[in-house]
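Tertiary structure, described
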Amino acid sequence: MKVLQAWKSSSWKVKTLIILASLYLLYALLGFFLAPGLVRDNASQALADLTGRQVTIDEVKINPLVLSATVNGFSIKDDQTEVLLGFNQLYVNFQLSSLFRWSWHFDEVMLDALTVRAQRNPGNTFSFDDVLTHIQEQLAQTPEEEAPEPEQEEPGLPAISIANLSLTGGDLRFTEATGDEPENLVLPLAFTVSNFSTKGKGENSNDYAIRLEGPDGGVLDWQGHFEFAPFIAFGHLDVEKVDLVSLAKLLKNEVRFTVPSGELDVETAYHFVAQPQPKVVLSNGQVILRQLQLLKPGEDVPSVSLPTVRVEGVALDSLAQEVKIPKVTVTEPALGAVLDEQGIDLATLFLPADRQAAEERVEEVKEKAEQAAQKVQEGKADWIVRLDTLQVDGSGLRFTDRTLQPAQTLTLSDGQLTLKNLIIGEPATFTWEGSSKIQQSGTLTHSGEGNLTPFSLDAQAALQGLPLVPFSPWLEREAPLALADGVLSLDTSASVKGENSAVTVSANASLENFSLLENGESLLKINQGSVTDLSLATAGQTVRIGEIGLTGMDMANRVDAQGRDVATRIQAGMASGDASGSGSDTSQGEQGESWQVTVDRVRLIGSQIRHEDLSLSPNFRIGLYELSGNLRNLDTRPGRKATMDLNAQVDRYAPFSIKGALTAEPLFTDLNVSLKNYEMTGLTPYTGQYLGYKVEKGQLGVNSGVSIDNNRLSSSTDILADEFYLGEKVPSDTAVNAPVKLGLSVLRNRSGQITLPVSMDGDLNDPSFSVGGMVLKVLSNVVVKAATAPFSVLSALAGGKNLESIAFEPGLAATGQDTASSLDALAKVLNERPELRVGLIGTTNAEDRTALAAQAIGREVADEDWQGIDDALQEKKWRRKLIRRYESSTDRDVESLVSSALPEDDEQRETLLAKAAWESMLATDAKALDRAQLTELARLRGENAKALLVQTLGIEQNRIFLNETNVDGKVAGLTLTLEK
């Protein structure tokens, strides 16, 4: 009652003060006690509805007196990382002075222990995917706002200013859980922004400083200034000693390497403006990479080692899409490539371990690379990149092939490279020069210039003293060959130009002390080899070589005990490939046009080619020594003739030459081959196999013309064998069954020489045709024919007569005119073949029986007056004597011999009966003739012939001998035999 009276009695000023005090007290009570709970509950529920996650706020404090608010213990729950987003405390101090500034002004906004956590799971899903999906669904359910009127301007940013904005004790936590074990990355977060203002233009407004400390000491300092309306930001970014080991752990399922060490420094000034077009400018950029190593699991040596990489003065302009890099320096980089059954590891280190994911990555990178290369080639690259200088010092490359047993390693060391003015995106000429060592002894230098748009390249390279032996294991794997020695040097220049990247190459090469082994034995040696004035052009598919020079070449062609030559053994020992050759049967139409190869000259000096056949017993060996000469104008183009002029010494003493012309397409040759004074004792392996005798002595000469036309070989060869004699007999299942020594004697003239014209003709397309086999076959046939049919071979010496037999007049032993002529021809043969001895076999045949029987009847009928049956039939008395002799010796009437009617004329009748009687008696007496009489006739024939040959024709008597006679043979005269 008193209070009411006091209120009523109070003045309006007092009442106003009391009312204001009450309202202020109510404001304080609501701010201190009621508002915090309402804010906490409503904010938690709103954020939970928005994110679809449980949101917790431990406490909200509001101090209405100083206009500050504090939020403690905020978190958005996550089942995988416990907290998706959270902080310990958020403090906001609002200034009442905002009412007078016409802006929202905060004296301080401080966030303590902010944590942001994320996790990537298998299948490339993230722990916050459901939150994003839920937010999108919420937004989709929100009614769209009406579009502003066309004339209505976009509202600007609200006027907000903060004197001090800071984050302390924060962190960003990322968990990589796609692998077997999760990997965690924790990045501490802290920053301060001074005098933040969305409208501020003051010199000290919107300055900020952000500092991130890495888990192992790396630091990011980001300082600068920004403004709104329009938005502008500029400042300086400095990253120091960022430990790449921790960062790389997050990629362990994306790549196939680990990072045992590595630090990164990045520094740049930047400037960003949003209007009139967004633009980012970086200047004075610097990137330093230290002690970076990429290690393939299971390896002891890093695949990539970069002790120092320094990129200096980087400038970037996003609006101009241009990057400038004044200098990149790489010091002592080292690459280690390992080839195993899965391929080269450097090509797969940056691919996922999962095979399908790796294949998808390869296709994606390949497609992007092709697109980028096409843009660069067309001068349409999205960005222009300018690199003034790239300097590489002390580089090394180590290549290890573990597909070989044992594994082999090749090295490049002490590499130096300077690349200048490389520009991607616009026409410019870049240059480079460099050098390195190969296997510590070979030296490679290279230099050149080129353009990327349009692409062109001109390069020069020189390789000096490259040892070839280290490359032998790769050759040995593919074939039964090994490099035992050799040093290669090469000078080359190459040019690539045009849309189709036409390549031209010119080069000179030399080879010293080259040695190639086949199954551990020497196959090819070259003291000095050279290729000069080589030029290659892909546009015309041409290769031209000025000269191939070979000095001191030593080639060995060895046929082994199984009869396999070098080519057969190499093909059989190849690691892969179709031994039949059918696997590479591709028509020229499928392959496209063939290359044209031209060699102006092949020069041989002081060389040798050795042949050895171990399938023969004894082994056959022959060699071309002091081989020198030239092959000129070798050309694969159809119809182009090359010439050959080679000279050598067979087995170091027998002159050999081959001269003529040849073409490769179509195959054509016109060659003359000459060999003189070759000691034939070296042919014993062949004469033993094919003739059954060793060679006692002899020298061989050959003059041959060889031509190939339309794939048909024909040759005409004159063979001269001087004093060629066979010696000891040797066993051979393949030797001819003929008196070959006699055959040689038949062929050998009085000067001790055998001359043989040998002609060959054969189709090279016929797989059964063999040049070597044909030569042996022809020679064997000649010798066998001379041995088995010597007189046919000697007929040329006998004036065309075949002296296998010499005819006598039937029934006579005397040497008539025809017989003497044949014996004279025989004497000429014996004079030309002084080694031959002739055996004379006196022979008789049916004609001799008839002749002797006729002589006996004639003597009995007419004594010495008998002139033959034809004369006898003309005389009456001889006709009657023949009739009486028949009738008295047979006791038969002569008319019984005639079955037809006898003529009426007496003389004709008598002549007919006499003739019938003669024929009957002749047949009967010839059959009954005494064998001794025939033997005597045969003996006399032999004696008379020998007497004529010895006494008249001057043949030594010991070269003519009489053999046992032959009665009732085929010849009326002599049958001859030859003996050596």
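Note that this is a predicted model, so its numbers are computed, not measured.

A few words on the overall build of the chain. Looking only at helices and strands, the chain has 19 helices and 39 strands in total. In the chain, which comprises 980 residues, the share counted as buried stands at 37%. In the form shown here, the chain has an accessible surface area of approximately 54,200 Å², with 54% of it arising from carbon and sulfur atoms.

Three- or four-residue spacings in an α-helix give side chains the same orientation, since the helix completes a turn every 3.6 residues. For helix H19 (residues 931–952), spanning 22 residues, the distance from its first C-alpha to its last is 31 Å, which sits close to the expected 32 Å at 1.5 Å a residue. Buried within H19 are the following residues: Leu934, Leu937, Ala938, Arg941, Gly942, Ala945, Leu948 and Leu949. For H19, the arc enclosing every buried residue in end-on projection is 130°, short of the 170-degree limit, so these residues lie on one face. Looking at the buried residues of H19, the elements they touch are helix H14 (817–832), strand S37 (837–843), helix H15 (846–862), strand S38 (960–962) and strand S39 (973–979). Positive phi shows up at Gly954, right after H19, with a value of about 75°.

Let us now look at the sheet that holds S38. Strands sit in the order S36-S39-S37-S38 across an open sheet of four strands; the sheet is mixed. Edge positions in the sheet fall to strand S36 (805–807) and S38, since each has one partner strand and no second. Each strand axis lies, on average, 25° off the axis of its neighbour in the sheet, ignoring direction. In the sheet, S37 pairs with S38 via three bridges, with the strands oriented parallel. Paired with Gly839 across the strands is Phe961, a residue of S38. Each of S36, S37, S38 and S39 is contacted by H14, which is oriented at about 155° to S36, the strand it contacts most.

Two elements in contact, helix H17 (residues 876–890) and helix H18 (residues 906–927), have axes separated by 8 Å at closest approach and are oriented at 50°. It follows from the interaxial angle that H17 and H18 lie oblique. Note on packing geometry: the crossing formed by H17 with H18 is left-handed. Side by side, H17 and H18 meet where Lys876, Arg879, Arg880, Leu882, Ile883, Arg885 and Tyr886 of the first sit next to Glu907, Glu910, Thr911, Leu913, Ala914, Ala917, Trp918, Ser920, Met921 and Asp925 of the second. Here the contact of H17 with H18 is built from residues that sort into eight nonpolar, two polar and seven charged.

Residues Leu335, Leu397 and Leu412 make up a contiguous nonpolar surface patch of about 210 Å² in total accessible area. Within the element layout of this structure, Leu412 appears in strand S19 (residues 408–424). Using a relative accessible area of 32% as the deciding quantity, one classes Leu412 as partly exposed.

Right, let's get into the side chain of Thr389. Among the structural elements, Thr389 can be located in strand S18 (residues 384–401). In this structure Thr389 touches Ile325, Pro326, Lys327, Val328, Leu419 and Lys420, once residues within four positions along its chain are discounted.

A few words now on the confidence of the model for the chain. Here the chain averages 82 in pLDDT, while 84% of its residues score no lower than 70. Under a pLDDT of 50 for its full length, residues 577–590 has, in the predicted model, five contacts with residues more than four places off or in other chains.

Under the defined criterion, the tally for this structure stands at 40 salt bridges. A salt bridge links Arg402 to Glu299; the shortest N-O distance between them is 2.5 Å. Taken together, the positions of Arg402 in the loop between S18 and S19 and Glu299 in the loop between strand S13 (279–295) and strand S14 (304–317) put the pair 103 residues apart, joining distant regions of the chain. Classification of Glu299 by relative accessible area gives buried; the value is 16%. Linking Glu910 and Arg879 is a salt bridge whose minimum nitrogen-to-oxygen distance equals 2.9 Å. With a gap of 31 residues between them, Glu910 in helix H18 and Arg879 in helix H17 connect regions that are remote in the sequence. Taking relative accessible area as the criterion, Glu910 reaches 13% and is therefore assigned buried. Connected via shared salt-bridge partners are Glu518, Glu521, Arg558, Asp560, Arg564, Arg569, Glu612 and Arg621.

Turning our eyes to something else, we now look at the environment of Val783. By secondary structure assignment, the location of Val783 is in helix H12 (residues 771–788). For Val783, a relative accessible area of 8% gives the class buried. If sequence neighbours within four positions are ignored, Val783 has contacts with Leu691, Val740, Gly743, Leu744 and Leu747.

The pairing of strand S11 (residues 232–243) with strand S12 (residues 258–273) spans 10 bridges and is antiparallel. Counted as the bridge partner of Val242 is Leu264 from S12. Where S12 meets S13, 12 bridges bridge the pair, whose relative direction is antiparallel. The residue bridging Ser261 from the neighbouring strand is Gln293, located in S13.

This paragraph deals with the packing of aromatic side chains. Any pair of aromatic rings gets described here by the distance separating the centres and the angle formed by the planes. Scanning the entire structure with this criterion turns up six aromatic pairs. Aromatic side chains Phe620 and Tyr686 sit 4.7 Å apart centroid to centroid with 70° between the ring planes, which places their arrangement in the edge-to-face category. One end of the pair, Phe620, is in strand S29 (residues 620–635); the other, Tyr686, is in helix H10 (residues 684–690), and 66 residues separate them in sequence. Over the face of the ring belonging to Tyr625 we find Arg652, whose NZ or CZ atom lies 3.9 Å from the ring centre. Taking the ring centre of Tyr693 as reference, the NZ or CZ of Lys729 above it sits at 4.7 Å.

Moving on to the pairing of strand S30 (residues 642–650). Alternating residues of S30 divide into Ala642, Met644, Leu646, Ala648 and Val650, all buried, and Thr643, Asp645, Asn647 and Gln649, none buried. Across nine bridges, S30 lies against strand S31 (residues 654–663) in antiparallel orientation. Note that in S31 the partner of Ala642 across the bridge is Leu662. Two successive antiparallel strands, S30 and S31, enclose a turn made up of three residues, where Asp651 displays a positive phi of approximately 50°.

Attention shifts here to the nonpolar core. Core analysis: the largest hydrophobic core is formed by 80 residues, its most contacted members being Leu826 and Leu976. Sorting elements by how many residues they give to this core places H14 first, with six residues. Apart from residues lying up to four places away in sequence, Leu976 is in contact with Phe791, Leu803, Glu804, Ile806, Leu826, Val838, Gly839 and Leu840. Counting 30 residues, the second-largest nonpolar core is a separate cluster that includes Val239, Val311, Leu349 and Ala459.

Moving on: the environment of Ser805. Residue position: Ser805 is located in strand S36. Put simply, Ser805 and Gly842 are 37 residues apart on the chain and 9.9 Å apart in space, counted from C-alpha to C-alpha.

A word on the side chain of Asp560. Considering the arrangement of structural elements, one finds Asp560 in the loop between strand S27 (547–559) and helix H8 (566–572). One polar contact links the side chain of Asp560 to the main-chain amide nitrogen of Gln562, over a distance of 3.0 Å. Discounting residues that sit within four places of it in the chain, Asp560 has contacts with Arg569, Leu614 and Ser615.

This part is about the packing of H15 against H18. Interhelical geometry of H15 versus H18 gives an angle of 115° and a closest axis separation of 8 Å. Two packed elements cross with a definite hand, and for H15 against H18 that hand is right-handed. In this structure, H15 contributes Arg849, Thr850, Ala853, Ala854 and Ile857 to the contact, and H18 contributes Trp918, Met921, Leu922, Asp925, Ala926 and Lys927. For the contact of H15 with H18, the per-class residue count stands at seven nonpolar, one polar and three charged.

Procedures and definitions
Residues numbered from 1 in each chain as written. Predicted model: local features only at pLDDT ≥ 70, side-chain atom pairs only at ≥ 80, totals over all residues. Heavy atoms only, no water. Helix = DSSP H or I, 4+ residues; strand = E, 2+ residues; numbered from the N terminus. Buried < 20%, exposed > 50% of the residue type's maximum accessible area, 1.4 Å probe, protein only. Areas by Shrake-Rupley, 256 points an atom, 1.4 Å probe, with all protein chains shown as cover. Expected span 1.5 Å × (residues − 1). Arc of directions from axis to C-beta. Contact = heavy atoms within 4.5 Å. Pairing = 2+ DSSP bridges. Axes fitted to C-alpha atoms, helices over the stretch in contact; angles between N-to-C directions. Parallel < 35°, antiparallel > 145°, perpendicular 65-115°, else oblique. Left-handed = near helix turned anticlockwise from the far one by under 90°. Nonpolar A, V, L, I, M, F, W, Y, C, P; charged D, E, K, R; others polar. Patch = residues over 30% accessible without salt bridge, like charges linked within 9 Å, V, L, I, M, F, W, Y side chains within 5 Å. Salt bridge = Lys/Arg side-chain N within 4 Å of Asp/Glu carboxyl O. pLDDT = per-residue confidence, 0-100. Phe/Tyr/Trp six-rings, centres within 6.5 Å; stacked < 30°, edge-to-face > 60°. Lys NZ or Arg CZ within 6 Å of the ring centre and 35° of its normal. Core = buried A, V, L, I, M, F, W, Y, C linked by side-chain atoms within 4.5 Å. Polar contact = N/O pair within 3.5 Å; in protein donor to acceptor, adjacent residues only side chain to side chain.

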